[in-house]
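The lines below spell out each chain.
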Amino acid sequence: MSSFAKSKLKAARDAIGKKKYEQAREAAAQVLDYEPDNYTAHVFLGLALLELGQHEKSEQLYRKAIELKDDQVLAWQGIAKLYEQTHRWDDLADTLEHIMQLFAKNDDATKCAETLQKFMDIRRQHGSRRERIQVIQALFLYLPNSSLYPVLSSLPPPDATSPTSTSTFPTQSAIYNSLDVYEELVSLIEREEEMFIKSEFDKRRTRLGGPKPEQLRKDIGIEVWHSSKLPTLYNDILNHPSTSDELRRATESKLIRYKQQLFLVLPSTNPEKREVGKQLDEMVHGIVTIGIPDEFAWCIWFEGRDSDTVEGLGLAYLKQFIELFPTSTLALMLAGYFAYSKIADGDEGSTEEPTFAVDSDPYGIILATLPDSLLANMITARVHLQELEYTDAIKVAESGLELIRRYESNTACELPEVRKAFHIILATSFVHLFPPKHHPRALYFLNDVLQRDSTNVDGLMGKGYVLQLAEKWEEAGVLFAQAAKQLPDDMDKGLGAKEENAWCLSRMRADAGVDALKDVFETLKDIEDRDIDKARCLWRIGRCYWDLGGESREEAFKYFITSLKHNREYAPAYTSLGVYYSEHSSPPDPTRASKCFQKAFELDAREAEAARRLAEGFADEREWDLVEVVARRTIDGEGGMGAGMEGDGATSGKYLPTNAWAWKALGVVELIRRNYAESIKAFQVALRADVDDQLSWLRLGEAYNKAGRHVAALRALGRAHELQPDDWMCTYLIGEVQRQAGRLAEALISFQSILDVRPTEAGVLLSVAQTYFDLARHERLAGFVARAEQSFISCVNVTLVAIRESPGYRGVAWKIAADALFELSVITVFADESNVRATVTIVYELIQDQSSARLAGLFKFTALSPDDHVTGLNALEAAIAAYDYRITVGSSDEAALPSSLYDLAVALYEWTLKKPSGTVRQASEAANSFLIQALQKEPGNVWFWVALGDLHFAQKPKLSQHAYIKAIDVDSKNVVAWTKIGLLYLYHNDIDLATQAFTKAQTLDPDHTLAWIGQALIATANGHEADARTLLEHAVSMTADVPMADLQFALRVLAVVNDPNSVRAPTTDRLLPAFFVLGRYFQRCPADACGLHVFGLICEHLGKLEQGVEYIDRAITLLEAAYEETEDPIVERQFVIAHTNVARLRLGLQDYEGSLASFESALGLLSEAAERESQVLRVQAQYGSGLASFKMGDLQAAMTAFQAALESAADDRVLRGQVTVLLAQTMWAIRTPESRESAKGLLLDCITSDPENLMAINTLAGMGILTEDDGLVDAALSEILSLPIEQRHELDPRRDVTYLLVQHYLGLGDSDKATKIAQKALHVEPSNLQMRREVASLLLKQGERDAASAILASVAPNQTVAEEKITLALSALAQPIQSQRSAQKAIMLEPGQLRNWQTLAYVRAQETL
């Protein structure tokens, strides 16, 4: 180094000493300019820059200095200072660690220790989890195997009296007393491992396809504990000379827990597991042997002992455990168990009194808590078993088995004796828990126990009890004998086995059993506190004598009494005494017997014989509440639905009932109380015990039926019928279910099969009548009026048979007969009048002398003569008389009186509607009176209020409204009441309220037809005819019987079809629904002239002219009869219209003479009045007459008639125009040049006088097209084509002009011109689907398939099914890919259309080319 550098370095050092860092920076910089690799200059410059705040440059200089001499500490100390000032703790820690190594290398113990202390302070103060790991690593530097330990150990021992005398006191203390370091290391590592396990578990558990949580914890545990340093540290602490006894115990406990954790997570296949387990056993055994108070180790030791008894663990160890841990849960349980079991406090065999004092009930102490321990579960299960708490014993024992499974899985060590102990507890509990329901499960455990230990007394006796209850007496006796042989001198289990053996013997040989039981009793009688055993033994002896019969039964009676003397609460003895008093006592004493049965049942609900006899007695007395009490208690006595295992998820179907009669009795009681769900459940349980019990199946079917489950009812009753085919009651119930389910024909067959055997059974006759009634209503609703008529008559006839055979049912029978007659009166024309006349006559003969004062002065029910025409009015009068007679014969039945009055009032009201208005006032008042009386007796009946509202609907709207509102108050969800009040509001023009009422009705029942009809009427009142038609169309699609809705719908459809301004649409598709609806209408109203007339007109539109003529002729006949009766001018006008229409239809049928006659009849009835309707009819008749004459060849008469029509039209432009057009068409049909020119002249004159007469324009254009006269076509269409688009469309709503032009050019062969005209029309009106199809068709003719397909593609989303039928054929031709599919779909929609088949044939032909 040069002198220059030395001087500058000295100047820099002095400046730093004086804190003149700028001077120091300049001096050091000058040195570096002269000597760039000068180590000291780099350090001084770095320090100066550091103090000047230039940290980045300072660090660079320090790093350069370290590169120059990394074994020099000066630069390291400088950069450490920089890191400390800039709080770069990680870099500072790394730097200090390097400095420590430098000091250690230089054997500078003091500097090394000081640096280490500073390093530890930084890690402790600024540590995160990573730094905590580094703290752990740093603490290892104090231990003997550290690289710093040789240097640090050269420090002198610490002076505890003067800790500040040296700067390295903490290090000196750690080196000379490392126990604190070990403890801190253990604490930090334990915490670190715990946190790592938790964080890793949280991280890995969300991975897809990962292991289960338990296995995941094991996997993480193996990773951590297998490489943990804790075992070594624990051993170092244990071996440390300064370790206290307390620390040693705590460390040993930690080491045991660590070994336990590692042992449990290691897989069984790992060889290390056995070694760890061996170490753990040695440690635990050592702790227990010398009595170290480590509860965890003791518990591990207890868990690993394989003993089938608690005492087998060793009383000394158990006592020591209680003394060491007096407050632990297990110790308290053991103390309570010993106190409960009175086990000696000394060594085994000691006779000392127990010294385990407990402050409270030992039983309560045992059950207070249940630790997750095998020993605790064994103690608790044994106590539950001893207390006969079998359900709890089962639960605890099953929990114990789960603990064994877990223990064996974790440790790979088996505990066969402990498992056997739990199996014995489970088997014993299952044997005695509501036997024999759990015996199959008991046998599983018993067989396992006896397979392992064939002499096990508990197993032998348990299996003996199972066989004993199965009445396998010989096998059971063998097992009890083996058990008794194992314990010959035992006065508990041994003597019990001997008694059971004797009882089994008695069941096979009563005399031998008596002797054996007496031997047992001889032993028992000298033992104190065994009264229950003595009573049982004496009762069994009595049973043996009872079974011997004869005089021995008196001896049996004595033993029963003696049994009760030993124990007055022994229930079986009371049952036997009850049987004795009821069957053997002379005379029988039913009172005493009943008391004995009651006492037995009170003492023990399992006394099934006593319970059954009690229930039978109560049922005979119809004490159903007591029957239910007995049945329910009996069911509880056998364990209820779940056999005592409800908490275990058991269901009622898992166990067979022991006392099926109790379930049947409960089912009958619930059936009587209308608790059908409970009744069904009870009968189902009863049938599980005996699936061939016909009566249970019968009652189950009855319960299903009353619950509304008809399919299930039929199945149950069908099974009952299979078991006992001759049970007519079962057949009757099947018929009733079929009737209620709507299977009426099957019901009639079922009832008839009973009547074949019991023809006078009144109940069956009435059911047959009711079935005929229901069938008739169903048939009439379906449109089979003739069938319905016959069924109503059959109903009345069967009812009359029932009345003759059983007068006691007259009230019900006359109700059914009257209902049938009332419904029959709805039919206006009868198919078999003689049959109806005969039925009405029979009713008349039965009640002709029974007329009451109620109907006096209203009408007289008279007999029908053979020549009288029978109408619905005759049937209605018979119904009124029958309703009246029903009240007379049932006057004593107050419950049925309101209904009878209601029926009579409704029938009278219907009668007033069918009679002339002048004769019904008194009848209406009587009907009102009857309804008031009915309401007084039953004001909560909604139908009475509705009927009252109907009665006053037109005349007294306020009263009617009040009645309907009362009905709604009674039942706010009654859709009929809401609909009726809506009709009332509509009738009186309150549209808003009517709308609200109908909307509410539709909300309650969307399928109520009258509500939809009401909405249609509202739409009509508001002028919304299209909406009204849609609503009516929906209404007629429902099943309700509202004929007037059918007629109104047909009228509206006909009006739309006849509207000349309607858009051209397929007429057939529109009219077919109306055609079918009217067909249904005439099945109900065949004598309605208006309907017949409309039906004829619809047939005309459909091309069924013959059928149309037939219907209108029938209408003319009816109108003629009505006019002769009333001479009503309205009827006369209808008659004229009908003649005019039928004449037109005959004209179409080429019946010109008939047509002319009808037209002339119409003209003869028309007056000369100038009213519009008469004028139209006259013009139509005159023109029709002319046309008929023309067709008959009488041209002169035809022209005269045509001229008369023109004169009748007078100045009426519309009529005159139509007549002119029709006359021109007729003249054109003459086919002479003169007549055709005259026709053209007429049309031209008509157009001149009426330029907007579209019919004349189209006709003239058509003539021009036919004659290929372009000038005539232009003259005809030029006027309308010159009009604006809106006005033109208004005059031509059907777009006939465009159609004619297209056809004209097509006729000329100019398809391009025709296509342009169609395209222009489509451009003006792009939403016209018909025009789109027309353009597509024209394009297809020109071979432009793509253009046609594009046009048709926009048609599909907006078209109806009817329109789609037309479009699909075109689509098939236009779409090359899906052509066959479209053609097939067109055929599916309309298979009768030839064009569709031709299209399919063409498409297939094209595909084969």
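Higher on the page you've got the structure.
Fair warning: this is a prediction, and the values are worked out from it, not measured in the lab. (Residues numbered from 1 in each chain as written. Predicted model: local features only at pLDDT ≥ 70, side-chain atom pairs only at ≥ 80, totals over all residues. Heavy atoms only, no water.)

Undergrad: How should I be thinking about the overall build of the protein chain in this particular structure?
TA: A count of helices and strands for the protein chain gives 72 helices and zero strands. Relative to the compact-globule value of 35 Å for 1409 residues, the protein chain shows a C-alpha radius of gyration of 56 Å, a clear excess of over 25%. Seen through its C-alpha atoms, the protein chain measures out along the principal axes to roughly 160 × 135 × 70 Å. Counting over 1409 residues, the protein chain shows a buried share of 48%. Across the protein chain, 147 positive and 199 negative side-chain charges occur, with their mean positions spaced 4 Å apart. (Helix = DSSP H or I, 4+ residues; strand = E, 2+ residues; numbered from the N terminus. Rg over C-alpha atoms; globule rule 2.2 N^0.38 Å. Buried < 20%, exposed > 50% of the residue type's maximum accessible area, 1.4 Å probe, protein only. Lys, Arg positive; Asp, Glu negative; His and termini not counted. Charge placed at Lys NZ, Arg CZ, Asp CG, Glu CD.)

Undergrad: Looking at this model, I keep getting lost on the pattern of salt bridges. Mind explaining?
TA: Charged atoms that come close allow side chains of opposite charge to pair. Taken as a whole, this structure holds 57 salt bridges when the rule is applied. A salt bridge links K420 to D308; the shortest N-O distance between them is 3.7 Å. Linking K420 in helix α22 (residues 416–432) with D308 in the loop between α16 (295–304) and α17 (315–324), this pair joins segments that are 112 residues apart in sequence. Of the charged contacts in the structure, one is a salt bridge between K493 and D458, with a shortest N-O distance of 2.6 Å. Placement of the pair is K493 in helix α26 (residues 493–508) and D458 in helix α24 (residues 457–469), with a sequence separation of 35 residues. (Salt bridge = Lys/Arg side-chain N within 4 Å of Asp/Glu carboxyl O.)

Undergrad: Just to check I follow, could you spell out the nonpolar core for this structure?
TA: Note on soluble globular proteins: their nonpolar side chains tend to be buried together. Core analysis: the biggest nonpolar cluster contains 142 residues, and F302, L318, L334, L375 and F422 have the highest contact counts within it. Here this core gets nine residues from one element, more than from any other, and that element is helix α3 (residues 39–51). Sequence-distant contacts of L334, that is, excluding residues within four places in its chain, are made with V310, L318, F321, I322, L375 and I379. Ranked by size, the runner-up nonpolar core spans 113 residues in total, among them V798, V840, L858 and A967. (Core = buried A, V, L, I, M, F, W, Y, C linked by side-chain atoms within 4.5 Å. Contact = heavy atoms within 4.5 Å.)

Undergrad: So what exactly am I meant to see when it comes to empty space enclosed by the protein here?
TA: Unoccupied space between atoms shows up once a probe the size of one water molecule is rolled over them. Inspection of the entire model under this criterion finds two cavities of 30 Å³ or more. Its boundaries defined by the atoms lining it, the largest cavity holds a volume of some 70 Å³. Every residue along the wall of the largest cavity is listed here: F302, E303, R305, S307, T309, L313, L374, L375, M378, L415 and V418. Looking at the lining of the largest cavity, the elements that each hand over two or more residues are α16 and α20 (374–386). Ranked by residues supplied to the lining of the largest cavity, first place goes to α20 with three residues. Here the residues of the lining of the largest cavity sort into seven nonpolar, two polar and two charged. (1 Å grid on protein atoms, 1.4 Å probe; cavity = no way out; pocket = protein on both sides within 12 Å on 5 of 7 lines; lining within 4 Å. Points joined across faces, edges and corners; volume = space filled by probe spheres on them. Nonpolar A, V, L, I, M, F, W, Y, C, P; charged D, E, K, R; others polar.)

Undergrad: Hey, could you run me through helix α14 (residues 245–265) in this one?
TA: For an α-helix the count is 3.6 residues per turn, leaving residues at separations of three or four pointing the same way. Given a rise of 1.5 Å per residue, 21 residues ought to cover 30 Å, and the 30 Å separating the end C-alpha atoms of α14 matches this to within 8%. Every buried residue belonging to α14 is among L247, T251, E252, S253, L255, I256, Y258, K259, Q260, L262, F263 and V265, and all of these are buried. Buried residues along α14 sit in contact with α11 (179–204), α12 (213–225), α13 (230–239), α15 (271–290), α16 and α21 (390–411). (Expected span 1.5 Å × (residues − 1).)

Undergrad: What exactly am I supposed to notice about helix α23 (residues 439–452) here?
TA: Taking 1.5 Å per residue as the helical rise, α23 with its 14 residues ought to reach 20 Å, and the 20 Å between its terminal C-alpha atoms agrees with that figure. All of the buried residues along α23 are H439, A442, F445, L446, D448, V449 and L450. The inward-facing, buried residues of α23 contact α21, α22 and α24.

Undergrad: Would you take a moment to explain the packing of α12 against α14 for this structure?
TA: Any two packed helices are characterised by how steeply their axes cross, that is the angle between the axes, and by the distance between the axes. As a packed pair, α12 and α14 sit with axes 9 Å apart at the nearest point and diverge in direction by 130 degrees. As the angle between them shows, α12 and α14 are arranged oblique. Once α12 is placed against α14, the crossing between them reads as left-handed. Contacts between α12 and α14 involve K218, G221, I222 and W225 on the former and, on the latter, Y258, Q261, L262, L264 and V265. Class assignment of the residues belonging to the contact of α12 with α14 gives a composition of six nonpolar, two polar and one charged. (Axes fitted to C-alpha atoms, helices over the stretch in contact; angles between N-to-C directions. Parallel < 35°, antiparallel > 145°, perpendicular 65-115°, else oblique. Left-handed = near helix turned anticlockwise from the far one by under 90°.)

Undergrad: Which parts of the structure should I look at to understand the packing of aromatic side chains?
TA: Where two aromatic rings form a pair, the distance of their centres and the angle of their planes describe that pair. Going through the model one piece at a time under the given rule, you end up with 27 aromatic pairs. Summarising the aromatic geometry, the rings of F557 and Y581 are spaced 6.1 Å apart at their centres and angled 75 degrees between planes, so their arrangement reads as edge-to-face. Of this pair, F557 sits in helix α29 (residues 552–566) while Y581 sits in helix α30 (residues 571–584), and the two are 24 residues apart along the sequence. An aromatic cluster is defined as three or more aromatic residues linked by ring pairs; in this entry it consists of W298, W301, F302, Y317, F321 and F325. Here R507 stacks its cationic end above the ring of W503, 4.2 Å away from the centre of that ring. Just above the ring of F784 sits the side chain of R787; from NZ or CZ to the centre is 4.3 Å. (Phe/Tyr/Trp six-rings, centres within 6.5 Å; stacked < 30°, edge-to-face > 60°. Lys NZ or Arg CZ within 6 Å of the ring centre and 35° of its normal.)

Undergrad: Would you mind going over the environment of L139 with me for this structure?
TA: Following the sequence through the fold, L139 ends up in helix α8 (residues 129–139). Judged by relative accessible area, which is 1%, L139 ranks as buried. It is 107 Å that separates the C-alpha atoms of L139 and S1311, two residues lying 1172 residues apart in sequence. In this structure, L139 is in contact with M120, R124, V181, E184, L185 and L188, ignoring residues within four places of it in sequence.

Undergrad: Honestly, the side chain of N835 in this entry has me stumped. Any pointers?
TA: Here N835 lies in helix α43 (residues 833–847). A distance of 2.9 Å separates the side chain of N835 from the side chain of Q790, its partner in a polar contact. With near-sequence residues (within four places) excluded, N835 lies in contact with Q790 and I793. (Polar contact = N/O pair within 3.5 Å; in protein donor to acceptor, adjacent residues only side chain to side chain.)

Undergrad: What's the story with the state of the cysteines in this structure? I'm lost.
TA: Going through the model one piece at a time under the given rule, you end up with zero disulfides. Between C1085, a free cysteine, and C1090, which holds the nearest cysteine sulfur, the sulfur-to-sulfur gap is 11 Å. (Disulfide = S-S within 2.5 Å.)

Undergrad: How should the packing of helix α28 (residues 531–548) against α29 be read in this particular structure?
TA: The N-to-C vectors of α28 and α29 enclose an angle of 170 degrees; their axes lie 7 Å apart at closest approach. Between α28 and α29, the interaxial angle falls into the category roughly antiparallel. Contact with α28, carried on its side by D531, K534, A535, L538, W539, I541, G542, R543, Y545, W546 and L548, involves S552, R553, E555, A556, Y559, F560, T562, S563 and H566 of α29 and no other residues of that element. When its residues are assigned to classes, the contact of α28 with α29 shows ten nonpolar, five polar and five charged.

Undergrad: In this structure, what is going on with unusual backbone geometry? I would like to understand it.
TA: Working note: non-glycine residues mostly have negative phi, and peptide bonds are mostly trans. The omega angle of the peptide bond from P435 to P436 is 0 degrees, so this bond is cis rather than trans. Mapped onto the elements, P436 comes out in the loop between α22 and α23. Residue P587 follows S586 across a cis peptide bond; omega there is -5 degrees. Along the chain, the position of P587 falls in the loop between α30 and α31 (590–603). Positive phi values are uncommon outside glycine, yet D529 reaches one of about 60 degrees. Mapped onto the fold, D529 is located in the loop between α27 (510–524) and α28.

Undergrad: Looking at this structure, I do not really get the side chain of T243. What am I missing?
TA: Structurally, the position occupied by T243 is in the loop between α13 and α14. Exposure remark for T243: the relative accessible area of 7% places this residue in the buried category. Within the local environment of T243, its side chain forms a polar contact with the backbone oxygen of H240, the two atoms lying 3.2 Å apart. Beyond its immediate chain neighbours, meaning those up to four positions away, T243 contacts L179, I237 and R248.

Undergrad: When you look at the environment of K218 in this model, what are you seeing that I'm missing?
TA: Locating K218 in the fold gives a position in helix α12. Between the alpha carbons of K218 and K19 there is a distance of 62 Å; along the sequence they are 199 residues apart. Apart from the residues within four sequence positions on either side, K218 is in contact with L264, V265 and N410.

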